[in-house]
Amino acid sequence: PESKTTSAMPWGTGTSRCSSVPQSSSRACPRRPSSELAGSIDRRFGFATAWDEPRVKVLPLAPVTRTWARRVLAVGDAAGLVKATTGGGIYFGLLSGRIAAEVLTKGLRNDRLAATDLREYERRWRARLWPEIRAGLAFRAVVSRLSDRTIDKVIELAGIGPGPLAAMLLAD
């Protein structure tokens, strides 16, 4: 599938972890994109290697509609609190987990875990994380419309130059 985010990260001696975020929705992606993805990464990073069958995971790239319900809070990846540009979620997961712990601690102390009591969690994570999430979604919307050549030029103008960061940002 055509991808606008492809990355390779060293992972031990002689191995790398590679990821690709498809440009189109997951429904439009083939069920087994491994050979196409492997060829794309080989061309982009100059590899010529045998590839193991990849593990395919679907990650939400935007928050779910509602992250609270009676006795339930969705945090991190489960809530769609990920970076829209990379699908990474550690930072948002830690922050939303901390907010959830604070809201749940208060709810447990007061024996108030109804949905109306737990919606405070969403209000707080939105106040803290939404500006960054919104900016990432806007950036992804813009970059997904750019050609590889244009992205190369933007990176060149920014002075990033060739290297792991540039490779991570470039699309195939």
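Each remark here, short or long, concerns the structure printed above.
Described in the following lines is the structure provided in the data block. (Residues numbered from 1 in each chain as written. Predicted model: local features only at pLDDT ≥ 70, side-chain atom pairs only at ≥ 80, totals over all residues. Heavy atoms only, no water.)

Now for the pattern of salt bridges. Should the charged atoms of two oppositely charged side chains come close, the side chains can pair. Applying the stated criterion across every chain yields a total of five salt bridges. For Glu 102, the salt bridge goes to Arg 124, with nearest N and O atoms at 2.3 Å. Highlighted residues: Glu 102 in helix 2 (residues 90-109) and Arg 124 in helix 3 (residues 115-143), separated in sequence by 22 residues. Judged by its relative accessible area of 27%, Arg 124 is partly exposed. Residue Glu 120 is joined to Arg 123 by a salt bridge in which the shortest nitrogen-to-oxygen separation is 2.5 Å. Linking Glu 120 with Arg 123, this pair stays in helix 3, spanning three residues, or about one helical turn. The exposure class assigned to Glu 120 is partly exposed, which follows from its relative accessible area of 29%. Three or more residues joined by partner-sharing salt bridges are found here, namely Arg 98, Glu 102 and Arg 124. (Salt bridge = Lys/Arg side-chain N within 4 Å of Asp/Glu carboxyl O. Helix = DSSP H or I, 4+ residues; strand = E, 2+ residues; numbered from the N terminus. Buried < 20%, exposed > 50% of the residue type's maximum accessible area, 1.4 Å probe, protein only.)

Here the focus is the packing of helix 2 against helix 3. Direction vectors running N to C along helix 2 and helix 3 enclose 155 degrees, while the axes themselves pass 9 Å from each other. Relative to helix 3, helix 2 is oriented roughly antiparallel. Crossing of helix 2 over helix 3 shows right-handed handedness. Residue-level inspection shows Tyr 91, Phe 92, Leu 95, Ser 96, Ile 99, Ala 100, Glu 102, Val 103 and Leu 104 of helix 2 in contact with helix 3, the latter providing Asp 117, Leu 118, Glu 120, Tyr 121, Arg 124, Trp 125, Arg 128, Leu 129, Glu 132 and Ile 133. For the contact of helix 2 with helix 3, the per-class residue count stands at twelve nonpolar, one polar and six charged. (Axes fitted to C-alpha atoms, helices over the stretch in contact; angles between N-to-C directions. Parallel < 35°, antiparallel > 145°, perpendicular 65-115°, else oblique. Left-handed = near helix turned anticlockwise from the far one by under 90°. Contact = heavy atoms within 4.5 Å. Nonpolar A, V, L, I, M, F, W, Y, C, P; charged D, E, K, R; others polar.)

Quick look at the side chain of Glu 122 now. Assignment of secondary structure puts Glu 122 in helix 3. When its relative accessible area of 10% is taken as the criterion, Glu 122 is described as buried. Excluding its chain neighbours within four sequence positions, the residues that come into contact with Glu 122 are Thr 65, Arg 66, Thr 67 and Trp 68.

Ranked by size, the top nonpolar core spans 16 residues in total, and within it Leu 73, Leu 81, Leu 118, Tyr 121, Trp 125, Leu 129 and Ile 133 carry the most contacts. Sorting the residues of this core by element identifies helix 2 and helix 3 as the ones contributing at least two each. Tallying contributions element by element places helix 3 first for this core, with six residues. If we ignore the near neighbours within four places in the chain, the residues touching Leu 81 are Pro 63, Gly 76, Gly 89, Phe 92, Ser 96, Tyr 121, Trp 125, Leu 129 and Ile 133. (Core = buried A, V, L, I, M, F, W, Y, C linked by side-chain atoms within 4.5 Å.)

Another point: helix 2. Compared with an ideal rise of 1.5 Å per residue, which puts 20 residues at 28 Å, helix 2 spans 28 Å between its outermost C-alpha atoms and is within 8% of the ideal. When helix 2 is considered as a whole, its buried residues turn out to be Phe 92, Ser 96, Ile 99, Ala 100, Val 103 and Gly 107. End-on view of helix 2: buried residues confined to an arc of 100 degrees, all on one side of the axis. The outward face of helix 2, more than 90 degrees from its buried face, is lined by the exposed residues Ile 90, Leu 94, Arg 98, Leu 108 and Arg 109. Residues of helix 2 that are buried make contact with strand 4 (72-73) and helix 3. Downstream of helix 2 by a residue or two, Asp 111 has a phi angle that is positive, lying close to 50 degrees. (Expected span 1.5 Å × (residues − 1). Arc of directions from axis to C-beta.)

Read these as spatial facts, not as claims about activity.
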